[in-house]
Amino acid sequence: MANAPPAPCHSPGAATRWQESGIIYAAMTATAQRLTTPDPDALLQAGLERHGAGDRVGAASLFRQALDLAPDNATALYLLGLARFEAGAAAEAEGLILRLTELRPHRAEAHLALANIRHWREDRAGAVAAYRQALELAPADAGALTGLARALSETGDHEAARPVAERAAAAAAADPAAHMALAAARRGLGEVKEAAAAFAEAARLDPALVGARVGLALALADAGEPQAARAAADAALALDPRLADAWLALGTALRGLHDPRGARDAFERALALGPDRAVMHLNLGLILIELEKAAEAQAHLLTALELDPTSATAHANLSSLYYLADRKELAKAHAERALAIQPDLMSAHQNLAALLAEAEQPEAARAHRDRAYAERNLLVSTAAEPLARVLVLSTTESGNTPDRYLIPPSRYTRLLWFVEYASERQMAELPAYDVAFNAIGDEDLAGPTAAAARRFAGLADRPRLLNHPALIARTRRDLAEGLFGHIPGLQIPRTVRVEAAEVVAAGGVREAARRAGVAEPFLVRPIGSHGGKGLALVGADAPDEPLVRAGAYYLTEFTDFRGRDGLFRKHRMIFVDRRPLPYHLAVSPKWMVHYESAGMDRHPERLAEEMRFLADPAAALGADAYAAVAAIGAAMDLDYAGVDFSLLPDGRVLLFEANATMLVHPEAPEGPFAHKNTSIERIFTAFREMLAG
């Protein structure tokens, strides 16, 4: 009988299921002669002839007539079962073949046919049982071994699948299906290089087997070989450009090549071809997160969960999105659901650690950090053609230098090292790298990481270490007077650090400030706070006393820094290898100045003022103020840092903060702030020249 017609594929890395049914059908037909009685019924013979002539309906009718006349005729059951399976009536076919196994319980072929139909119907538990029954009767049957291995992998039992698949590949070395089953088991166990080898062998045996090319691409991507993965995905698309999984494989390869826009396009093609598959929405959602399209990413991740509520990855990434959107309850709920499904999922533990830390539950937060990092504290992201290998020292707390754009993964191989979990042995046996960058930029949040970073910095015979930990330690806000007090033309507001217990003992923030010699009005800021988070003004036009919880706070005397036009200004300059480079100027009617909320795009005159600052900061600030700013960078003596400040009406520089946590990111080329990109690229270029040494 001819193979069944093709239909769309529903499983990544496999040929279309109707193509599979054709393989199953052909295998079942080949065994029919062994089940045929010595004197076949004339109706069965006529049915076979009808089918051979292309009259499938007529053939099925004759097979049914034969079965009606002889209900226990094994051949009639078998042929009618095949015919109904071919016609798409898989449930009826299963019933017919089940009767056959009852009539011929000692015939392996009958149990194998039942297993194949159940497998097709996605009754994997039933398929596994039938495959095992077939193998009890015929232990070396390659078809039963292959089918059992595939079914076990599809249930997630890759450990049991691997030895079965190895037996299948040994028994049928020339059968690509056996190698595909072995590849699936190995990939499921994380043996990605071995999986790639098995997929490659299947592709060699059958160059037209598109599923082998797709599987090879995904395994190579898992193995950190994105260039080879892309070549395999391209080969799959050349064989079948309408296969959703081939586009999925291409998107995965492009993501590994750090081409998020190319990956998004490929994932969108995959989704168009497989709109009802959770994996398509999941991967598109993940790449949209990388592209900072939070709303679109959230929509696809929610759809992925509607289609597959067991996706731990979707839950964890939704948790991240909700955390960034300050929707803490939803962030916590999705992180907990992710861990209920996959208890060791690193990103979910990271999110819960951050949430619990903010909820002032440090011990619970530390427990989740330990689960996330204790055995996985070095994460390597490999660039296809790296300019250098950069070891990035990081802390599991917040307060790291934002280095995504400074050290882009598309151009540098990054070894992200959470150094607080490093052992002495790991410090001595790190993989090769060209330069190290200490991204632990906020001394207030360095915690146990600071000691480990200093210990690493003290090791001899190592490549360059940028932003030495000892220099970072001097940039605390309350140490600014000691570090910068010698600089002419610089006003440094008095800042003291107080513990929450001191505030409680004093009876409130105002009294604590008075005891510390901080005059009203003053700012209250939790340590480690950036971007105005938790910042409050006490006194002046803000009489309410803020609630102080656990932890420590900075109290800083507030200086009214309005310009003559009544507007507040915040300048940011970046120091790369101690050289000052302008980044932005925000102008706002509010004292808490943030570039994103200042409304710069609605005021052309403010944008023009910013452009003048970016083009020539010395002229915009004046020679004395520019010299004061440059002296701040020299005093910090860091390889990368930044300063936020304002220019007072008398020409002095008012210092807000100076440290290594300053964010620099490119603007959309067609957006309202595209004028900043020339200056931003100047910063990136200077930083990359410094990395090159």
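Residues numbered from 1 in each chain as written. Predicted model: local features only at pLDDT ≥ 70, side-chain atom pairs only at ≥ 80, totals over all residues. Heavy atoms only, no water.

A. The arrangement of the packing of helix 16 (residues 260-273) against helix 17 (residues 278-290) in detail. Here helix 16 crosses helix 17 at 160°, and the two axes come no closer than 9 Å. Taken together, the axis directions place helix 16 and helix 17 in an arrangement best described as roughly antiparallel. Here helix 16 runs over helix 17; the crossing is left-handed. In contact with Pro-260, Ala-263, Arg-264, Phe-267, Glu-268, Ala-270 and Leu-271 of helix 16, helix 17 contributes Met-280, His-281, Asn-283, Leu-284, Ile-287, Leu-288 and Glu-290. Residues that form the contact of helix 16 with helix 17 fall into these classes: nine nonpolar, two polar and three charged. (Axes fitted to C-alpha atoms, helices over the stretch in contact; angles between N-to-C directions. Helix = DSSP H or I, 4+ residues; strand = E, 2+ residues; numbered from the N terminus. Parallel < 35°, antiparallel > 145°, perpendicular 65-115°, else oblique. Left-handed = near helix turned anticlockwise from the far one by under 90°. Contact = heavy atoms within 4.5 Å. Nonpolar A, V, L, I, M, F, W, Y, C, P; charged D, E, K, R; others polar.)

B. Structural view of the packing of helix 5 (residues 74-86) against helix 6 (residues 90-103). Across the interface, helix 5 lies against helix 6 with an axial gap of 8 Å and an inter-helix angle of 160°. When the axes of helix 5 and helix 6 are compared, the pair comes out roughly antiparallel. Classified by chirality, the crossing of helix 6 by helix 5 is left-handed. Between helix 5 and helix 6, the residues in contact are Ala-74, Leu-77, Tyr-78, Leu-80, Gly-81, Arg-84 and Phe-85 and Ala-90, Glu-92, Ala-93, Leu-96, Ile-97, Arg-99, Leu-100 and Leu-103, respectively. Of the residues contributing to the contact of helix 5 with helix 6, the split by class is 11 nonpolar, one polar and three charged.

C. Representation of the pairing of strand 13 (residues 640-647). Most of strand 13 sits out of view: seven of its eight residues are buried. Across six bridges, strand 11 (residues 568-576) lies against strand 13 in antiparallel orientation. Residue pairing for strand 13: His-571 is matched across the bridge by Phe-645. Strand direction decides the pairing type here: strand 13 and strand 14 (residues 653-659), joined by six bridges, are antiparallel. (Buried < 20%, exposed > 50% of the residue type's maximum accessible area, 1.4 Å probe, protein only. Pairing = 2+ DSSP bridges.)

D. Spatial organisation of empty space enclosed by the protein. Counted by the stated rule, this structure contains three cavities of 30 Å³ or more. A volume near 100 Å³ is recorded for the largest cavity. Looking at the lining of the largest cavity, the elements that each hand over two or more residues are helix 24 (443-446) and strand 14. Taken together, the residues of the lining of the largest cavity break down into one nonpolar, six polar and six charged. Taken as a whole, the second largest cavity encloses approximately 50 Å³ of empty space. (1 Å grid on protein atoms, 1.4 Å probe; cavity = no way out; pocket = protein on both sides within 12 Å on 5 of 7 lines; lining within 4 Å. Points joined across faces, edges and corners; volume = space filled by probe spheres on them.)

E. Molecular detail of the environment of Leu-250. Within the secondary structure, Leu-250 is located in helix 15 (residues 244-256). By relative accessible area, which is 9% here, Leu-250 ends up buried. The spatial distance from the C-alpha of Leu-250 to the C-alpha of Ala-235 is 9.9 Å, given a sequence separation of 15 residues. Not counting residues up to four positions away in its chain, the partners in contact with Leu-250 are Arg-230, Ala-233, Asp-234, Leu-237 and Ala-266.

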